[in-house]
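Architecture at a glance
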Amino acid sequence: MSKEMEFFIFLIENYAEYKNTTADKVLKLWDKLELTNYIYDMYELYHIERLENAFIDIDRLVTEKQ
């Protein structure tokens, strides 16, 4: 498994916990909003910042797409 995929799994599981939901529901939402690939591709930025910064950015992306 690639380091990007490992981080993506870590990110989605922690984001789900932050949102008090499940990773499955988060992934379904991201897929519906066509954000999954974009968030996955943000590895270079998200993995070097505080995880909370990624959460803030993801919340912004979700809000903009809804």
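Residues numbered from 1 in each chain as written. Predicted model: local features only at pLDDT ≥ 70, side-chain atom pairs only at ≥ 80, totals over all residues. Heavy atoms only, no water.

1. Some remarks on unusual backbone geometry
Within the chain, N20 stands out as a residue other than glycine whose phi angle is a positive 55°. Looking at the secondary structure, you find N20 in the loop between α1 (3–18) and α2 (23–32). Of note, E34 is a non-glycine position whose phi angle comes to about 55°, a positive value. The exposure class assigned to E34 is exposed, which follows from its relative accessible area of 66%. (Helix = DSSP H or I, 4+ residues; strand = E, 2+ residues; numbered from the N terminus. Buried < 20%, exposed > 50% of the residue type's maximum accessible area, 1.4 Å probe, protein only.)

2. A short note on the nonpolar core
L11, W30, I39, Y46 and I58 are the most contacted members of the largest nonpolar core, which totals 20 residues. Of all the secondary structure elements, the ones that give two or more residues to this core are α1, α2, α4 (43–46) and α5 (51–65). Beyond its immediate chain neighbours, meaning those up to four positions away, Y46 contacts F7, L11, I39, A54, D57, I58 and L61. (Core = buried A, V, L, I, M, F, W, Y, C linked by side-chain atoms within 4.5 Å. Contact = heavy atoms within 4.5 Å.)

3. Looking at α5
Across its 15 residues, α5 extends 21 Å between first and last C-alpha, which sits within 8% of the 21 Å expected from 1.5 Å per residue. When α5 is considered as a whole, its buried residues turn out to be L51, A54, F55, D57, I58, D59, L61 and V62. Along its buried surface, α5 packs onto α1, α2, α3 (36–41) and α4. (Expected span 1.5 Å × (residues − 1).)

4. Focus: the packing of aromatic side chains
Following the criterion strictly, the structure yields 8 aromatic pairs and no others. Ring geometry for Y15 and W30: centres 5.5 Å apart, planes at 45°, overall tilted. One end of the pair, Y15, is in helix α1; the other, W30, is in helix α2, with 15 residues separating them in the sequence. An aromatic cluster of three or more residues is present, and its members are F8, Y15, Y18, W30, Y40 and F55. (Phe/Tyr/Trp six-rings, centres within 6.5 Å; stacked < 30°, edge-to-face > 60°.)

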